Amino acid sequence: NVYDIVLPRIAKEQFRKTIRVKKDSLKTGDLVFFRTRSRTGWHVGVYLFDNYFIHSANHKTGVKINNLTESYYTRTYLSGGRI
């Protein structure tokens, strides 16, 4: 409500609604997308700063902050997106 932005619930649809941003041009609030082996094959987080992003890792661990330079996220990173 603060920013009056509506995003689809599904990461793949969020990807389609954003403008591509190169990894070295990410700004706080940009979305970061990953292609994973999860049920849907997609994962999304919100970029914070200095390669850190926040995301809901899974239902067991909940919300986490990770770094894009960690091997798993480097391997699965797809693109950044800006609304």
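Our subject is the structure listed above.
Numbering of residues starts from 1 in every chain and runs along the sequence as written. It should be noted that, the model being predicted, local features are given only for residues of pLDDT at least 70 and side-chain atom pairs only at 80 or more, the latter also being counted only at that level, while totals for whole chains, interfaces and linings use all residues. Just so you know, side-chain values use all the structure's heavy atoms and leave hydrogens and water out.

### Some details on the sheet that holds strand β6 (residues 77–82)
Strand pairs in the sheet, formed through backbone hydrogen bonds, run parallel or antiparallel to each other.
Now for step 1: Strands are treated as partners if at least two bridges between them are detected by DSSP. To qualify as a helix, a DSSP run of H or I must reach at least 4 residues; to qualify as a strand, a run of E must reach at least 2; elements of each kind are numbered from the N terminus. The strand order across the open sheet formed by six strands is β1-β6-β2-β3-β4-β5, and the pairing between neighbours is antiparallel. The open sheet has two free edges, formed respectively by β1 (19–21) and β5 (62–67), since each of these has just one partner strand. Between one strand and the next, the sheet's axes are offset by a mean angle of 40°, whatever the strand orientation.
Now for step 2: Pairing analysis gives four bridges linking strand β2 (residues 31–35) to β6, with the strands arranged antiparallel. An axis is simply a line fitted to the C-alpha atoms; with a helix, the fit covers only the stretch in contact. Between two such axes, the angle follows the N-to-C directions and lies from 0 to 180 degrees.

### Section: the environment of G29
Now for step 1: In this fold, G29 is placed in the loop between β1 and β2.
Now for step 2: G29 sits in the partly exposed class, given a relative accessible area of 39%.
Now for step 3: Each C-alpha atom of the pair G29 and I5 lies 12 Å from the other, and the pair is 24 residues apart in sequence.
Now for step 4: In this description, contact between two residues means that some pair of their heavy atoms is separated by no more than 4.5 Å. Discounting residues that sit within four places of it in the chain, G29 has contacts with V46 and Y47. With a 1.4 Å probe rolled over the protein chains alone, any residue whose accessible area is under 20% of its type maximum counts as buried; one over 50% counts as exposed, and the rest are partly exposed.

### Re the pairing of strand β3 (residues 42–49)
Now for step 1: Bridge count for β2 against β3 is five bridges, and the pairing is antiparallel. Bridge pairing links F33 to V44 in β3.
Now for step 2: Between β2 and β3, which pair antiparallel one after the other, the connecting turn spans six residues, and G41 there sits at a positive phi close to 85°.
Now for step 3: The pairing of β3 with strand β4 (residues 52–58) spans three bridges and is antiparallel. Of the residues in β4, the one forming a bridge with Y47 is F53.

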